[in-house]
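Working through the structure, step by step
Here is how the chains run, residue by residue.
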Amino acid sequence: MQTKRIPIHSILEDHEQVEEAAGLLRQGGVVAIPTETVYGLAANAYDGAAVAKIFAAKGRPMDNPLIVHISEFDMLPDLVEDIPEAAMELARRYWPGPLTIILKKSDRIPDEVSAGLPTVAVRMPSNTVARGIIGACGFPLAAPSANLSGSPSPTTADHVLHDLDGRVEGIVISDDAAVGLESTVVSLAGLAEGERPRLLRPGAVTPEMLRDALGEIDIDPAVLHQLEEGRKAPSPGMKYKHYAPKARVILVEGDRAAYIEYANRHAKEGACALCFEEDAAGLQIPAVTYGRADAPDSEAHALFDALRRLDEEGYTTAYAHAPDKDGVGLAVYNRLIRAAAFQVVQL
Ligand code: AMP
Ligand code: MG
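Worth saying up front: this structure is predicted, and the values here are computed from it rather than measured.

Digging into the overall build of the protein chain
Looking only at helices and strands, the protein chain has 10 helices and 16 strands in total. Here the C-alpha radius of gyration of the protein chain, 20 Å, is about what a compact globule of 347 residues would show, namely 20 Å. Each of the three principal axes of the protein chain carries a C-alpha extent, and together these read 55 × 50 × 35 Å. Long-range pairs, those at least 24 residues apart, make up 66% of the contacts in the protein chain between residues at least 6 apart in sequence. Summed over all atoms, the accessible surface of the protein chain reaches about 14300 Å², with 48% contributed by carbon and sulfur.

Focus on the sheet that holds strand β14 (residues 287-289)
Here 5 strands make up an open sheet; going across it, the order is β14-β13-β15-β12-β16 and the pairing parallel. Two strands close off the open sheet at either side, each with one partner strand: β14 and β16 (344-346). The average undirected angle you get between the axes of adjacent strands in this sheet is 25 degrees. Summarising the sheet, strand β12 (residues 248-253) and β16 pair through 3 bridges and their orientation is parallel. Bridge pairing in β16 links L251 to V344.

Considerations on the sheet that holds strand β5 (residues 99-104)
Across the sheet, 11 strands lie side by side as β1-β8-β2-β3-β7-β4-β6-β5-β9-β10-β11; this open sheet has mixed pairing. What marks the edges here is a single partner per strand, and that holds for β1 (4-7) and β11 (218-219). Bridging between strand β3 (residues 40-44) and strand β7 (residues 141-143) involves 2 bridges; their strand directions are antiparallel. Along β7, the bridge assignment pairs A43 with A142. The strands touched by helix α5 (residues 128-137) are β2 (31-33), β4 (67-69), β7 and β8 (170-173); relative to β7, the strand with the most contacts, the crossing angle is about 135 degrees.

Examining the pairing of strand β6 (residues 119-123)
For β6, the tally of buried residues reaches 5 of 5 residues, placing the bulk of the element in the interior. The two faces of β6 match: T119, A121 and R123 on one face and V120 and V122 on the other face are all buried. In terms of strand pairing, β4 meets β6 through 3 bridges, oriented parallel. Considered in β6, the bridge of V68 is made with V122. Inspection of the sheet shows β5 paired to β6 by 4 bridges, in the antiparallel sense. In the strand pairing of β6, L103 is matched with V120.

Regarding helix α7 (residues 207-214)
What α7 keeps buried is the set P207, L210, A213 and L214. Seen along its axis, α7 keeps its buried residues to an arc of 125 degrees; they face one direction. At its buried positions, α7 is contacted by α3 (85-94), β5, β9 (184-187), β10 (198-201), β11 and α10 (329-339).

Some details on the nonpolar core
With 68 residues, the main nonpolar core has L90 and I133 as its most contacted residues. In this structure, L90 is in contact with W95, L99, I101, V186, L188, L210, A213 and L214, ignoring residues within four places of it in sequence. By size, the runner-up hydrophobic cluster in this structure holds 30 residues, among which are A302, L307, A322 and L336.

A short note on the packing of aromatic side chains
In the structure shown here, the tally under the stated rule is 2 aromatic pairs. Pairing Y262 with Y319 gives two aromatic rings, centres 5.7 Å apart and planes at 85 degrees, and the pair type is edge-to-face. Placement of Y262 in helix α8 (residues 256-265) and of Y319 in strand β15 (residues 317-321) is noted, with a sequence separation of 57 residues between them. No difference in accessibility class separates Y262 from Y319, as the two residues are buried. With centroids separated by 5.0 Å and ring planes inclined at 45 degrees, the aromatic side chains of F276 and Y290 adopt a geometry described as tilted. With F276 in the loop between β13 (271-275) and β14 and Y290 in the loop between β14 and α9 (296-312), the pair connects residues that are 14 residues apart, well separated along the chain. Of the two residues, F276 and Y290, neither departs from the other in class, the shared state being buried. A cation sits over an aromatic face here: R108 above Y46, 3.8 Å from the ring centre.

Here's the deal with α10
Working note: α-helix, 3.6 residues per turn, so residues spaced by three or four point in the same direction. Where burial is concerned, most of α10 is hidden: 11 out of the 11 residues are buried. G329, L330, A331, V332, Y333, N334, R335, L336, I337, R338 and A339 are the residues of α10 that are buried. Note on α10: the residue one or two positions beyond its end, A341, has a positive phi of about 50 degrees.

The rules behind these values
- Residues numbered from 1 in each chain as written.
- Chains lettered and ligands numbered in written order.
- Predicted model: local features only at pLDDT ≥ 70, side-chain atom pairs only at ≥ 80, totals over all residues.
- Heavy atoms only, no water.
- Helix = DSSP H or I, 4+ residues; strand = E, 2+ residues; numbered from the N terminus.
- Rg over C-alpha atoms; globule rule 2.2 N^0.38 Å.
- Contact = heavy atoms within 4.5 Å.
- Areas by Shrake-Rupley, 256 points an atom, 1.4 Å probe, with all protein chains shown as cover.
- Pairing = 2+ DSSP bridges.
- Axes fitted to C-alpha atoms, helices over the stretch in contact; angles between N-to-C directions.
- Buried < 20%, exposed > 50% of the residue type's maximum accessible area, 1.4 Å probe, protein only.
- Arc of directions from axis to C-beta.
- Core = buried A, V, L, I, M, F, W, Y, C linked by side-chain atoms within 4.5 Å.
- Phe/Tyr/Trp six-rings, centres within 6.5 Å; stacked < 30°, edge-to-face > 60°.
- Lys NZ or Arg CZ within 6 Å of the ring centre and 35° of its normal.

Take a look at the structure:
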């Protein structure tokens, strides 16, 4: 397939290109679009056949549901059975932005989107190019991350081209993702009396921000731990091997001095340190940095590109310095522990 490259940096100046992307989507095509979290691979959320092509292009298991992206609040009522007050409160505070809300789905959501679940995941992105394209379409877009299934999510147009050129109708070439990690996912679906909202996937909207809006929340055990054998995944995406480079990643928890000592002691052919910028000076093995230890936003922004660089540079082992788990750090940790297939060394 010939993939159309569509450069869009401003919805005002690149109006024709916005129309071109919307045109491909109206015809049932699959188009990669930028969002503030990561690039998404989009299709008309109301068109089951178009959505099925997303799974084929990514090699994504069909039982892993997609997030539906809207450009204005008025698109929400058609997607869900009802809108609880907690969802209104989250939308008022954090939409548009990197927060996905799980609600009971309406009949308009095809099974391909929800993977047969009675619920649907909805988000309003803050990226203006994403919202401009959805608005031009006039229908919501179902979109998972625009990477091949299993590989790190794409935060640049180059990452998308690397994974999907020739496999989809269009790729919008735009700016790097501002956040760099997928959205926070919180479930409000079918909460019985006394049940709390549940964080299924951490992201840039932190647990503290959710508690500010909702009061106490539950954090699903799968956020930090491997799913127990036999337990049903509350969010099917959490059961798959994820974000994994070809290199073996070992997550190392400890302070700077202990981490550097560990990495140097385990020096070997093909090994590198996946570390913070502040760590690099003391290392005797090559360093691939992912942001600054004192700026968790910079870690989120840099992580997926760093994971891809491990493979580009041919490393076979990476000792990853674990981030602090508070604020956005929880999301960074959640992705890294999956990249490490839950292999953690405590110093
Ligand atoms: P991606 O956009 O590639 O990060 O994938 C979307 C994520 O949202 C996956 O982890 C899905 O499992 C999760 N998700 C989507 N819809 C639902 C849903 N209805 N219930 C629970 N999790 C969902
Ligand atoms: Mg994904």
